[in-house]
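# Survey of secondary and tertiary structure
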Amino acid sequence: MSGIRAARIAATAVVPAELALVVCLAAGVRLPGWALAAAEVLVLGVVLLEAWVLGRLYAAERARGAAPGQAGRAALRAVVPVRVRRLLRHELRATASLGWWIVRGKHGVRSGDLAAGYTGPQTAMMYGMVFVSVVETVALAFLIPWPTVHRVVLVLDVYGIVIVLALHAACVTRPHVVRPDGSLRIRYGALFDLVVPPDAVASVRVDRRYPEGRLVTLSEDGVLDLIVGSQTTVTLELNRPLPFTRPLGAVGEARTIRFHADDPRALVSALRQPA
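Conventions used here
- Residues numbered from 1 in each chain as written.
- Predicted model: local features only at pLDDT ≥ 70, side-chain atom pairs only at ≥ 80, totals over all residues.
- Heavy atoms only, no water.
- Helix = DSSP H or I, 4+ residues; strand = E, 2+ residues; numbered from the N terminus.
- Buried < 20%, exposed > 50% of the residue type's maximum accessible area, 1.4 Å probe, protein only.
- Contact = heavy atoms within 4.5 Å.
- Phe/Tyr/Trp six-rings, centres within 6.5 Å; stacked < 30°, edge-to-face > 60°.
- Polar contact = N/O pair within 3.5 Å; in protein donor to acceptor, adjacent residues only side chain to side chain.
- Core = buried A, V, L, I, M, F, W, Y, C linked by side-chain atoms within 4.5 Å.

Of note, Thr-232 is situated in strand E8 (residues 232-245). A relative accessible area of 0% means that Thr-232 is categorised as buried. Leaving out residues up to four positions away in the same chain, Thr-232 has contacts with Asp-207, Arg-208, Arg-209, Pro-211, Asp-225, Leu-226, Ile-227, Arg-258, Phe-259 and His-260.

See below:
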């Protein structure tokens, strides 16, 4: 039980740091390479601890006669808090998005759909962060005289660069989607995904705003802001409260949704004129 408790405490403790890192990247805050590396080292340590505890729990469940799938699910529920499971799933999906990005694919976009990108305000910032990280990696390669330390720092720096690229790739390959039936799928990479059915839409308009707050912000009167690069360009009024799930699993209800689209007029036009 002490191992399970330690794994849960470690996993829960790492969530604020990892979430703060993701929010800072999404908000356009440039972080030094050592901060990215430290965050990923922390996550890696927690993952190794949990893998050890999970292995023991899985073996115990199997010894009791549980099927492989049941044993695995029981071990996960016992050790990994739901917020940590969601955060790790987000990171894995973002990393997988690099493959979609290379082949110029779009996740969840079918024939007849309108794919609306939203990465315009953050693209230059993301590439700038990657450039600075690469320069820092090269500089450290010359400044660190110890081979072992150099290799460790190199791996961490490269992984930090991959994470930044993966976050941006997830946003590029997972655009907003307007379907022919008038439904709208609002997304931010692998962190946020909300489907708005056509009968829930009261009105939609182009409306550029510069709200303050985190990536996903819900006001007391039910206004949900999905902020990209400190701005939103579309306001969607709903005729009924619509539930949504935050990146770490908490659930809220929105009556108005404000989000960013690079071409808000095209999205608004498509949403007003379903086939």
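Right, let's talk about the environment of Arg-240 for a bit. By the secondary structure assignment, Arg-240 is in strand E8. Sequence-wise, Arg-240 and Val-201 are 39 residues apart; in three dimensions their C-alpha atoms are separated by 8.4 Å. Here Arg-240 is in contact with Pro-197, Asp-199, Ala-200 and Ala-254, once residues within four sequence places are set aside.

Another point: the packing of aromatic side chains. Each aromatic ring pair is described using two quantities: the centre-to-centre distance and the angle formed by the ring planes. Evaluation of the coordinates by the stated rule reveals 2 aromatic pairs. Centroid distance Tyr-118 to Tyr-188: 5.9 Å. Interplanar angle 35°. Geometry classified as tilted. Of the two residues, Tyr-118 is situated in the loop between strand E1 (114-116) and helix H5 (120-143) and Tyr-188 in strand E3 (residues 184-188); the sequence distance between them amounts to 70 residues. Residue class for Tyr-118 comes out buried when judged on its relative accessible area of 0%. Under the relative-accessibility criterion, Tyr-188 is labelled buried at 0%. With 6.2 Å between their ring centres and 50° between their planes, Phe-192 and Phe-244 make a pair best called tilted.

This part is about the side chain of Thr-173. Along the chain, the position of Thr-173 falls in helix H6 (residues 147-173). The exposure class of Thr-173 is buried, given its relative accessible area of 1%. Here Ala-169 takes part through its backbone oxygen, which lies 2.8 Å from a polar atom of the side chain of Thr-173.

The next thing to look at is unusual backbone geometry. Negative phi is the rule for most residues except glycine; trans is the rule for most peptide bonds. Positioned with a positive phi, Arg-104 is a non-glycine residue whose angle comes to about 60°. Take Arg-104: it is sitting in the loop between helix H4 (82-102) and E1. With phi around 65°, Ser-230 is a residue other than glycine that occupies positive phi space. Locating Ser-230 in the fold gives a position in the loop between strand E7 (223-226) and E8.

With that settled, the discussion passes to the nonpolar core. By size, the foremost hydrophobic cluster in this structure holds 37 residues, and its most contacted members are Tyr-188, Val-196, Leu-236 and Ile-257. Put simply, the parts of the chain that give this core at least two residues each are H5, H6, E3, strand E4 (192-196), E7, E8, strand E9 (251-259) and helix H7 (264-272). The leading source of residues in this core is E8, at 5 residues. In this view, Leu-236 contacts Leu-184, Ile-186, Val-196, Val-201, Ser-203, Val-204, Arg-255, Thr-256, Ile-257, Phe-259 and Leu-271; residues no more than four positions away in its chain are not counted. Of all hydrophobic cores here, the second largest spans 5 residues; its members include Ala-94, Ala-166, Ala-169 and Ala-170.

Any functional reading would require information beyond the geometric quantities listed.
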